[in-house]
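# Summary of structural features
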Amino acid sequence: EINNLLQAQVAEWQTKDSRIKSSSQNICPYNGEAIHSKGEIDHILPRSLSLKKSGTVFNSEPNLIWCSQKGNQQKGDQRYTLIDLNAKYLEAQFGTSSAKEVEEIICGVIEKIPSQFVFDSLQVDQQRAIRHALFLDVSNSYFQRIVSFLGSQMATRVNGTQAWLIRQIIEKIEFELADWCRENNV
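Residues numbered from 1 in each chain as written. Predicted model: local features only at pLDDT ≥ 70, side-chain atom pairs only at ≥ 80, totals over all residues. Heavy atoms only, no water.

## Quick notes on the overall build of the protein
Let me state the cut-off plainly: Counting from the N terminus, the helices are DSSP H or I runs at least four residues long and the strands are E runs at least two residues long. For the exposure calls, accessible area comes from a 1.4 Å probe over protein chains only, and a residue counts as buried if that area is under 20% of its type's maximum, exposed if over 50%, partly exposed in between. The contact rule is simple, with two residues in contact once any of their heavy atoms fall within 4.5 Å. Under the convention used here, a 1.4 Å probe and the Shrake-Rupley method define accessible areas, while residue burial counts only the protein chains that appear.
When helices and strands are counted, the protein shows eight helices and two strands. Order of helices (α) and strands (β) in the protein, N terminus to C terminus: α-β-α-β-α-α-α-α-α-α. Looking at the protein as a whole, 35% of its 186 residues are labelled buried. Of the contacts formed within the protein by residues at least 6 apart in sequence, a portion of 67% connects residues at least 24 apart. A total accessible area of about 11,200 Å² is found for the protein, and carbon and sulfur atoms account for 52% of it.

## Describing the packing of aromatic side chains
Selection criterion: Aromatic rings from Phe, Tyr and Trp, taking only the six-membered ring of Trp, are treated as a pair when their centres fall within 6.5 Å; an angle between ring planes under 30 degrees marks them as stacked, one over 60 as edge-to-face, and anything in between as tilted.
Scanning all chains against the criterion turns up two aromatic pairs. Ring geometry for Tyr30 versus Tyr80: centroids 5.1 Å apart, planes at 85°, classification edge-to-face. With Tyr30 in the loop between helix 1 (2-23) and strand 1 (39-43) and Tyr80 in the loop between helix 3 (69-75) and helix 4 (87-94), the pair connects residues that are 50 residues apart, well separated along the chain. Just as Tyr30 is buried, Tyr80 falls in that class too. Centre to centre, the rings of Phe117 and Phe149 are 4.2 Å apart; their planes meet at 25°, and the pair counts as stacked. Here the residue Phe117 occupies a position in the loop between helix 5 (99-111) and helix 6 (124-133), and Phe149 occupies one in helix 7 (residues 141-156), the gap between them amounting to 32 residues. Like Phe149, Phe117 is buried.

## Topic: unusual backbone geometry
The phi angle at Gln25 is positive, at roughly 55°, despite the residue not being glycine. The topology assignment puts Gln25 in the loop between helix 1 and strand 1. Among the residues examined, Gln25 registers a relative accessible area of 34% and is labelled partly exposed.

Structure representation (structure tokens):
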């Protein structure tokens, strides 16, 4: 049972990594270079910033982006906005390199997304809008909405100790009910 849970978790992580990598369409958002397999996953909102502002690092998928090593090193610990993103990248993502038009697209898509959602169950264009909303100005209400979502994800995530305790309870119940289940053909 535990091996199955671990395998499922590994598969989920691979799917998450795969989604993050494919979302950049092999173009570094920071310098426009082709990424291929030599890329890195970067935090859109830098770890130091989210730790300072929220007391936690946002490691959830909407805050992660695939970029080139060179682009990631150039960005460093800065928080980029739409105007900092490469025109070739924006064109591939949104069909325009205009930061203003991209902002309108992002806001229009997010406007239609319910306030409660599961990121990986959204359509690709919705995921793209949410991820790129983190490049909007901090005063933008859609930026604030997505940052709030990231914070709620961290607050509601079950930590390892809680997950272990739940597994122990389930195993105990299964053990205690095993005889009864056999006797009652359940």
